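# Per-entry structural report
Listed below are the residues making up each chain.
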Amino acid sequence: MPNSPTPTHCPYCALQCGMNLTPAPDGTVEVGERADFPVNRGALCGKGRTAPAVLSSRVRLTSPLVRTGGTLVPATWDEALDRIAGGLARTRSEHGPDACGVFGGGGLTNEKAYTLGKFARIVLGTSQIDYNGRFCMSSAAAGGIKAFGLDRGLPFPLEDIPKSGCVILVGSNPAETMPPALRFFTELKENGGTLIVIDPRRTRTAEQADLHLMPRPGTDLALALGLLHLVVAQGRVDEEYVRERTVGWEDARAAAMAHWPEYVERITGVPVPQLRETVRLFCEPESAMVLTARGPEQQSKGTDTVSAWINLCLATGRAGRPYSGYGCLTGQGNGQGGREHGQKADQLPGYRKLDDPAARAHVAEVWGVDPDTLPGPGRSAYELLDALGTDIRSLLLMGSNPVVSAPRAAHIEERIKSIDFLAVCDVVLSETAALADVVLPVTQWAEETGTTTNLEGRVLLRRKAISPPDGIRSDLEVLHELADRLGVEKGFPTDPEEVFEELRRASAGGPADYSGITYRRLAEENGVFWPCPSEDTTAGPGATENSAAQLRPTADTTAQPHPTGNTAAEPGPTENTTAQPHPTADTTAEPGPTENTTAQPHPTADTTAQPRPTGNTTAQPRPTGDTAAHPGTPRLFLDRFAHPDGRARFVPVSHRAVAEEPDAEYPVLLTTGRVVAQYQSGAQTRRVDELNAAAPGPFVELHPRLAERLGAAEGDPVAVVSRRGRAVAPARITLGIRPDTVFMPFHWYGEGRANTLTNPALDPTSRMPEFKACAVRVEAVERQDAG
């Protein structure tokens, strides 16, 4: 009898595309379309289609490993767990609890992220926990909290994008980072809307834009301020909206007026006519959006840059209105949920602040501990990694590969090598795991059940489709066993639904309130948007000013029409400094080497009747017998923002240069990013033959003028040198990049490791490193010297 398919979600990016998994007779797993999930409607990119390849024992870890005589050798689970517990206990005894570090990942499920934070604070008693999501969305999160009082990447579903009149994509390349999401922008254009892309490279996404601005890397802040200056000068400010729904306009206005168009052109390289055209296209429609991604966010002024783009939305009356507003395109699979429930240095579950006494009291009650025993905020991700071997002597790492993904990576690799003890839980032997004293093989996405929260704030249920191989355990089992060995026998269940039930209680009344969400609802409703309080939760213990109770939608939720369309998007680079619009094109006709998006038809959307979207969507059925349940909140801020007075905040900001400007020795700017066939540090995707065939290694993208000065031809090895190191990769020569800029993808280790070069200069608020701009020089390399 054939196996029935299991509906679940892709393990990779923040779209969390729906898919069906079916075990095949030969022991492999087949991926099938899941057309009922609105984010991707069955479409999958090459990474999603090939995801089961990493389930193979040929590429994954199948046994615990312990370091013996300098070599990692197979061991029993008891031996490995005892070794980890002993190493952590010894460090804590000899150097204190804060000498133990914990480093998580944005790919961990909500249950794992929640339990990891609880483990760090209760079992180890350490404040030193953070996660790689700090390198993803922290600047957008900080900017959103300042302006709106709440951080949720997108305050509206992706399906609203095609209904907008104009979308500005800042530093986003969904054609390569989230291919199934590109259809939303295609539908936007088909509906008569305008797509503006801002990126120093002419990416596949930029090729579809009506207008492409190509600023110098690191100048997005000045660009946003220049646009706001023009909004004021042209009398396009929505004065009534500003008066009734915001505070702080005068100071923000004064800051923007110091950035006149010609000054901004000198800083950014974007011609004044393009600035004026951008303002016209953005302001003329009734609705418009700004969506940012890593380009403007991964800067040492990323939070201010996000604030500047939000200010533009507020001044023009966009935020908190239908088919309008500011949103951030989250990158990692659970980048949203991963920062909500406690693995971030300054946070407790429910997006509560660790230094808030009421929040500490609420969570401590759920955990059954004294609030005074909870440690305070710790170091941010880069600062934690930089402290290894000095203040931090042992590290437990889950689901991350900082040897490839951290800035100034060669330095971080040395810091990791210097510590007394390193334990890694992973599915493959990553470059970081290869340095560990103990490596534990853990279950993968298809072998376990758990929840994730996608870039829309939609909480989803990943379902177990197959059993893991013998000798593999889950991260929850690992934390349970370690807690037991370290003297905490209760409070660390291994069943993910039991963990989620506790997470619901811990989040109740907090900004990210999941208390009204259950596994049953997630299965029946295809996901639920937070905040979703339970009906008996108003402002429970530890509730903050941003509590979900204040954001319950007040719009009529009975039977109002719901915008049709698809769902998702991500960031990327761009070019074309002319102000001429590009011809519209069906973006699915240009699939990447491993995409599978061409066969998906674009649904037509009726643009004649645009109903006001309700705070609650009626498209998803409520579970039977649960009619009193809160329906969730697909659209935030339609009636009020999350600050106590219900108003959004303008944040006055001014342009400042990148932390490392080019000079005579390092005259070029390096920016980094992703390619369609690889994902993040490549630990998983580099083990998939089809993906490696499409993207076999790193490269240096450079303009023909720079290549001519170097005497470099296509494919010749070139060296990129920064103050932190040197990387060598083949030249890829293109007119689609600024002459003063080079680009490298960051998925590889070895001599082509892009993050050897990047600058760890940190944003003062978000503690985001400046991945997207650093000064380098480029040198020709003789082929025999290239490695």
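Just so it is clear, the model here is predicted, and its values are computed rather than measured.

## A look at the overall build of the protein chain
Within the protein chain one finds 22 helices and 30 strands. Every one of the 787 residues in the protein chain was classed for burial, and the buried ones make up 66%. Expressed as a percentage of contacts within the protein chain between residues at least 6 apart in sequence, the contacts between residues at least 24 apart total 77%. With an accessible surface of roughly 24900 Å², the protein chain has 48% of that area assigned to carbon and sulfur atoms.

## Some thoughts on the environment of Arg379
With respect to the secondary-structure elements, Arg379 resides in the loop between helix 14 (357-367) and helix 15 (381-386). The exposure class assigned to Arg379 is partly exposed, which follows from its relative accessible area of 25%. The spacing of Arg379 and Arg767 is 388 residues in sequence and 9.4 Å in space, taken between C-alpha atoms. Apart from the residues within four sequence positions on either side, Arg379 is in contact with Ser127, Gln128, Ile129, Asp130, Ala345, Leu384, Ala387, Asp391 and Ile392. Within the structure, Arg379 has its side chain in polar contact with the side chain of Gln128 (distance 2.9 Å). Within polar-contact distance, the side chain of Arg379 engages the side chain of Asp391 at 2.5 Å.

## Concerning the side chain of Arg753
One can find Arg753 in the loop between strand 27 (741-745) and strand 28 (759-762). A distance of 2.8 Å separates the side chain of Arg753 from the side chain of Thr756, its partner in a polar contact.

## Observations regarding the sheet that holds strand 6 (residues 100-104)
Taken in spatial order, the seven strands line up as 5-4-18-17-16-6-7 in an open sheet, and their pairing is mixed. Bordering the open sheet on either side are strand 5 (71-74) and strand 7 (129-131), each of which pairs with just one other strand. When the angles between neighbouring strand axes are averaged without regard to direction, this sheet yields 20°. Sheet topology places strand 6 next to strand 7; three bridges connect them, and they run parallel. In the strand pairing of strand 7, Val102 is matched with Ile129. Where helix 3 (residues 110-124) meets the sheet, its contacts fall on strand 6, strand 7 and strand 16 (394-398), and the angle it forms with strand 6 comes to roughly 170°.

## Considering the pairing of strand 12 (residues 289-292)
Of the two faces of strand 12, both are covered, the one formed by Met289 and Leu291 as well as the one formed by Val290 and Thr292. Across four bridges, the pairing between strand 8 (residues 166-170) and strand 12 is parallel. Paired with Val170 across the bridge in strand 12 is Thr292. Both strand 12 and strand 13 (residues 325-328) contribute to a ladder of four bridges, which runs parallel. Residue Met289 lies in a different strand from strand 13, and its bridge partner there is Gly325.

## Observations concerning the sheet that holds strand 20 (residues 458-462)
Here three strands make up an open sheet; going across it, the order is 19-20-21 and the pairing antiparallel. Edge positions in the sheet fall to strand 19 (450-453) and strand 21 (528-529), since each of these pairs with one other strand and no more. Two elements, strand 20 and strand 21, share two bridges in a ladder whose sense is antiparallel. When the bridges of strand 21 are listed, Arg458 appears paired with Phe529. Helix 3 contacts strand 19 and strand 20 of the sheet and is inclined by roughly 95° relative to strand 19.

## Quick look at the packing of helix 14 against helix 19 (residues 496-507)
Direction vectors running N to C along helix 14 and helix 19 enclose 155°, while the axes themselves pass 9 Å from each other. Between helix 14 and helix 19, the crossing angle belongs to the class labelled roughly antiparallel. The handedness of the crossing between helix 14 and helix 19 is right-handed. In this structure, helix 14 contributes His362, Val363, Val366 and Trp367 to the contact, and helix 19 contributes Glu502, Arg505 and Ala506. Taken together, the residues of the contact of helix 14 with helix 19 sort by class into four nonpolar, one polar and two charged.

## Some points on the packing of helix 2 (residues 77-95) against helix 18 (residues 475-485)
Running from amino to carboxyl end, helix 2 crosses helix 18 at an angle of 60°, the nearest separation of the two axes being 10 Å. Of the possible angle classes, the one that applies to helix 2 and helix 18 is oblique. Both helix 2 and helix 18 take part in a crossing whose hand is right-handed. Of helix 18, the residues touching helix 2 (which contributes Trp77, Asp78, Leu81, Asp82, Ile84 and Ala85) are Val478, Glu481, Leu482 and Arg485. Looking at the contact of helix 2 with helix 18, its residues break down into six nonpolar, no polar and four charged.

## Describing the confidence of the model for the protein chain
In low-pLDDT regions, the fine details of the predicted coordinates are not to be read closely. Confidence in the prediction for the protein chain averages 90 pLDDT; 87% of positions are at 70 or higher. The low-confidence segment residues 538-612 (pLDDT under 50) makes 258 contacts with residues lying over four places distant or belonging to another chain. Overall, residues 614-626 carries pLDDT values under 50, and its contacts beyond four positions in sequence, including any with other chains, amount to 44 contacts.

## Structural notes on the environment of Gly725
Tracing the backbone shows Gly725 in strand 26 (residues 725-733). By relative accessible area, Gly725 is classed as partly exposed at 21%.

## Here's the deal with the pattern of salt bridges
On inspection of all chains with the given rule, the structure shows 43 salt bridges. Glu159 is the partner of Arg635 in a salt bridge, and the nearest nitrogen-oxygen pair spans 3.5 Å. Taken together, the positions of Arg635 in the loop between strand 21 and strand 22 (648-649) and Glu159 in the loop between helix 4 (138-148) and strand 8 put the pair 476 residues apart, joining distant regions of the chain. Take Arg635: its relative accessible area is 4%, and that puts it in the buried class. Ionic pairing is found between Arg738 and Asp740, a salt bridge with its closest N-O pair at 2.9 Å. Salt bridges linked by common partners bring Asp78, Asp82, Glu481 and Arg485 together as one network.

## A closer look at helix 11 (residues 272-283)
For helix 11, which comprises twelve residues, the first-to-last C-alpha distance of 17 Å matches the rise-based estimate of 16 Å (1.5 Å per residue) to within 8%. If you check which residues of helix 11 are buried, you get Val272, Gln274, Leu275, Thr278, Val279, Leu281, Phe282 and Cys283.

## Some words on the nonpolar core
Grouped together as the largest cluster of nonpolar side chains are 88 residues, with contacts concentrated most on Leu15, Phe119, Val167, Leu291, Leu440 and Val478. At six residues, the largest contribution of residues to this core is made by helix 2. Those residues in contact with Val478 that sit more than four places away from it in its chain are Trp77, Leu81, Met398, Cys425, Leu440 and Val442. Leu150, Tyr514, Ala648 and Val653 belong to the second-largest nonpolar core, a separate cluster that totals 80 residues.

## Let's talk about helix 18
If you check which residues of helix 18 are buried, you get Asp475, Leu476, Val478, Leu479, Leu482 and Ala483. Down the axis of helix 18, the smallest arc covering the buried residues is 155°, so these residues share one side. Downstream of helix 18 by one or two residues, Gly487 has phi in the positive range, about 100°.

## Structural notes on the packing of aromatic side chains
For any pair of aromatic rings, geometry is given as the distance between the ring centres together with the angle between the planes. Within this structure, the stated rule accounts for twelve aromatic pairs. Residues Tyr114 and Trp367 carry aromatic rings whose centres are separated by 6.2 Å and whose planes lie at 70° to one another, so their mutual orientation is edge-to-face. You can see Tyr114 sitting in helix 3 and its partner Trp367 sitting in helix 14, a full 253 residues away along the chain. Each member of the pair, Tyr114 as well as Trp367, is classed as buried. One aromatic cluster in this structure is built from Phe148, Phe637 and Phe641. Here the basic side chain of Arg201 rests over the ring of Phe743, its NZ or CZ set 3.6 Å away from the ring centre. Arg318 extends its terminal NZ or CZ atom over the ring of Phe282, reaching a point 5.3 Å from the ring centre.

The rules we used
- Residues numbered from 1 in each chain as written.
- Predicted model: local features only at pLDDT ≥ 70, side-chain atom pairs only at ≥ 80, totals over all residues.
- Heavy atoms only, no water.
- Helix = DSSP H or I, 4+ residues; strand = E, 2+ residues; numbered from the N terminus.
- Buried < 20%, exposed > 50% of the residue type's maximum accessible area, 1.4 Å probe, protein only.
- Contact = heavy atoms within 4.5 Å.
- Areas by Shrake-Rupley, 256 points an atom, 1.4 Å probe, with all protein chains shown as cover.
- Polar contact = N/O pair within 3.5 Å; in protein donor to acceptor, adjacent residues only side chain to side chain.
- Pairing = 2+ DSSP bridges.
- Axes fitted to C-alpha atoms, helices over the stretch in contact; angles between N-to-C directions.
- Parallel < 35°, antiparallel > 145°, perpendicular 65-115°, else oblique.
- Left-handed = near helix turned anticlockwise from the far one by under 90°.
- Nonpolar A, V, L, I, M, F, W, Y, C, P; charged D, E, K, R; others polar.
- pLDDT = per-residue confidence, 0-100.
- Salt bridge = Lys/Arg side-chain N within 4 Å of Asp/Glu carboxyl O.
- Expected span 1.5 Å × (residues − 1).
- Core = buried A, V, L, I, M, F, W, Y, C linked by side-chain atoms within 4.5 Å.
- Arc of directions from axis to C-beta.
- Phe/Tyr/Trp six-rings, centres within 6.5 Å; stacked < 30°, edge-to-face > 60°.
- Lys NZ or Arg CZ within 6 Å of the ring centre and 35° of its normal.

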